[in-house]
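# Structural overview for review
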Amino acid sequence: MIRVENLVKRFGSFAALDDITLEIAPGSIYGLVGSNGAGKSTLMRCIAGIYEAEEGKLWVDSEPVYENPPVKSKIFLVADEPWFIQQSTLYQMKQFYRRFYPEFDNDIYDELVEGFSLPERKRINTFSKGMKRQAAFLLGMAVKPQYLMLDECFDGLDPVKRQIVRKVLCDAVAEREMTAIISSHNLKELDELCDTVGILHKGKLLYSKDLDSLKGEVHKIEVVFEVTVDQQKLEQVLPVMAMEVRGRFFTLIARGGMDEIEQKLAPFKPLALEAMPLTLEEVFMYEMEVMGYDANVIFKD
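The rules behind the values
- Residues numbered from 1 in each chain as written.
- Predicted model: local features only at pLDDT ≥ 70, side-chain atom pairs only at ≥ 80, totals over all residues.
- Heavy atoms only, no water.
- Helix = DSSP H or I, 4+ residues; strand = E, 2+ residues; numbered from the N terminus.
- Buried < 20%, exposed > 50% of the residue type's maximum accessible area, 1.4 Å probe, protein only.
- Contact = heavy atoms within 4.5 Å.
- Areas by Shrake-Rupley, 256 points an atom, 1.4 Å probe, with all protein chains shown as cover.
- Lys, Arg positive; Asp, Glu negative; His and termini not counted.
- Charge placed at Lys NZ, Arg CZ, Asp CG, Glu CD.
- Axes fitted to C-alpha atoms, helices over the stretch in contact; angles between N-to-C directions.
- Parallel < 35°, antiparallel > 145°, perpendicular 65-115°, else oblique.
- Left-handed = near helix turned anticlockwise from the far one by under 90°.
- Nonpolar A, V, L, I, M, F, W, Y, C, P; charged D, E, K, R; others polar.
- Pairing = 2+ DSSP bridges.
- Core = buried A, V, L, I, M, F, W, Y, C linked by side-chain atoms within 4.5 Å.
- Arc of directions from axis to C-beta.
- Phe/Tyr/Trp six-rings, centres within 6.5 Å; stacked < 30°, edge-to-face > 60°.
- Lys NZ or Arg CZ within 6 Å of the ring centre and 35° of its normal.

### A word on the overall build of the protein
- When its secondary structure is counted, the protein shows twelve helices and 14 strands.
- Summarising its shape, the C-alpha atoms of the protein cover approximately 75 × 40 × 30 Å along the three principal directions.
- Taken over 301 residues, the protein has a buried fraction of 46%.
- Long-range contacts, defined here as pairs at least 24 residues apart, represent 67% of the contacts in the protein between residues at least 6 apart.
- Summed over its atoms, the accessible surface of the protein is roughly 15,000 Å², and 46% of this surface lies on carbon and sulfur atoms.
- Between the averaged position of the 36 positive side-chain charges in the protein and that of its 48 negative side-chain charges there is a distance of 5 Å.

Next comes the structure, spelled out in structure tokens:
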């Protein structure tokens with residue numbers, strides 16, 4: 001279990017993280033999204049014990065992580081720009097991590113070296129961007145961490161390699177209850193993988209919600225009414241997040257369960273009503289617009 005309580009991390013006068021509180025359940029895949037500079041990488045580095053926060057508390061398995069080697073040995077961070085010892089080979093990095101991670105698994109290492117077709121004895125600084133990410137992910141899986149953090153880990157990977165990463169990641173979560181935290185601008189990727197998603201914006205946590213319950217809270221409805229409808233009266237009885245009107249044809253984004261929404265629309269005499277599925281990206285964009293944020297800025301790559 002990862003618990004973060006009122007966490008503040010500053011760089012000079014700039015608050016990269018501002019009063020962050022969240023919990024990440026063991027054996028889950030947690031998606032972390034937000035615009036560039038929102039604080040995603042900083043939060044990951046705090047959880048990994050690289051940064052010490054100025055305020056608040058952070059526990060991993062009920063223990064503080066900063067300067068706590070036994071706890072840090074349970075955690076592995078694959079950074080946006082993966083770190084390797086200068087001039088090292090993949091084989092040398094394996095030997096390096098074996099000294100610090102007692103659970104290092106040679107079988108996982110060998111399987112992924114073969115799966116990714118990576119040269120063990122070639123210097124990593126000659127690798128392409130995608131190959132470096134594969135090498136970092138490979139080493140992260142081989143140390144068998146309880147907590148694996150992946151910062152934009154899919155960036156630069158071709159579709160085949162992406163599928164390998166997804167499968168290996170999901171297998172580890174299912175088989176040994178590893179917890180994964182994935183930072184990404186790509187909500188479609190997170191939609192396929194994650195149990196829970198948190199949104200960071202300007203150092204603040206705007207949401208941390210279970211995906212299934214979140215998708216059941218917001219609906220897109222296309223409805224044709226028998227008579228002309230007063231939009232203001234409709235908004236008074238229905239929690240409308242967005243509305244598009246063409247005569248008596250309405251497209252509504254509304255919060256609530258479908259049974260509740262249909263009940264509230266009934267007095268307005270709908271002739272036809274259809275609920276349309278929303279993607280995770282659409283749900284969050286509408287939620288952000290309600291809160292006054294420009295979703296196009298938050299989610300652009």
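### Some words on the packing of helix α4 (residues 106–116) against helix α6 (residues 159–176)
- Across the interface, α4 lies against α6 with an axial gap of 11 Å and an inter-helix angle of 160 degrees. The orientation of α4 with respect to α6, classified from their angle, is roughly antiparallel. For the pair α4 and α6, the sense of crossing is right-handed. Along its contact with α4, which presents Leu112, Gly115 and Phe116, the element α6 presents Lys161, Ile164, Val165 and Val168.
- Split into classes, the residues belonging to the contact of α4 with α6 amount to five nonpolar, one polar and one charged.

### Observations regarding the sheet that holds strand β14 (residues 270–276)
- Spatially, the four strands line up as an open sheet ordered β12-β13-β11-β14, and their pairing is antiparallel. Here the strands that pair on one side only, and so sit at the sheet edges, are β12 (240–246) and β14. Pairs of neighbouring strands in the sheet enclose a mean axial angle of 20 degrees, with direction left out of account.
- Seen against the sheet, helix α11 (residues 280–290) touches β11 (218–225), β12 and β13 (249–255) and runs at an angle of roughly 100 degrees to β12.

### With respect to the environment of Val173
- Mapped onto the elements of the fold, Val173 is located in helix α6.
- For the pair Val173 and Pro26, spaced 147 residues apart in the sequence, the C-alpha separation amounts to 9.2 Å.
- Look past the residues within four positions of Val173 in its chain and what remains in contact with it is Gly27, Ile29 and Met178.

### Here we look at the nonpolar core
- Within the largest apolar cluster, 58 residues are counted, with the highest numbers of intra-cluster contacts made by Tyr97, Leu138, Leu139 and Leu148.
- In terms of residue count, the dominant contributor to this core is helix α5 (residues 129–142) (seven residues).
- Non-local contacts of Tyr97, meaning those with residues more than four positions away in its chain, are made with Phe76, Trp83, Phe104, Leu139 and Val143.
- Grouped together as the second largest cluster of nonpolar side chains are 25 residues, Ile24, Ala38, Tyr147 and Ile181 included.

### A word on helix α3 (residues 90–98)
- Where α3 is concerned, the buried positions are Leu90, Met93, Lys94, Phe96 and Tyr97. The arc that holds every buried residue of α3, seen down its axis, measures 160 degrees, which confines them to one face.
- Against the buried residues of α3 lie β6 (75–78), α4 and α5.

### Observations concerning helix α1 (residues 40–47)
- Counting buried positions over the eight residues of α1 gives six, a clear majority of the element.
- Of all the positions in α1, only Lys40, Thr42, Leu43, Met44, Cys46 and Ile47 are classed as buried.
- Once α1 finishes, Gly49 follows within two positions and takes phi at roughly 80 degrees, a positive value.

### Here we look at the packing of aromatic side chains
- Summed over the entire model, instances satisfying the criterion amount to eleven aromatic pairs.
- Ring plane angle 55 degrees and centroid distance 5.8 Å describe the contact between Phe76 and Tyr101, whose orientation is recorded as tilted. Note that Phe76 is positioned in strand β6 and Tyr101 in the loop between α3 and α4, a separation of 25 residues in sequence. Grouping residues by exposure puts Phe76 and Tyr101 together as buried.
- Among the aromatic residues, ring-to-ring pairing joins Phe76, Trp83, Phe96, Tyr97, Phe100 and Tyr101 into one connected group.
- It is Lys9 that lies over the ring of Phe11; its NZ or CZ is 5.2 Å from the centre.

### Remarks on the pairing of strand β9 (residues 196–201)
- A large share of β9 lies buried, amounting to six of its six residues.
- Residues Thr196, Gly198 and Leu200 line one face of β9 and the alternating positions Val197, Ile199 and His201 line the opposite face, and both faces are buried.
- Taken together, the five bridges between strand β3 (residues 29–34) and β9 define a ladder with parallel strand orientation. Of the residues in β9, the one forming a bridge with Val33 is Ile199.
- As defined by bridge partners, β9 adjoins strand β10 (residues 204–210) across six bridges and the pair is classed as antiparallel. When the bridges of β10 are listed, Thr196 appears paired with Asp210.
- A loop of two residues connects β9 with β10, the two strands running antiparallel in sequence, and Lys202 in this loop sits at a positive phi of about 55 degrees.

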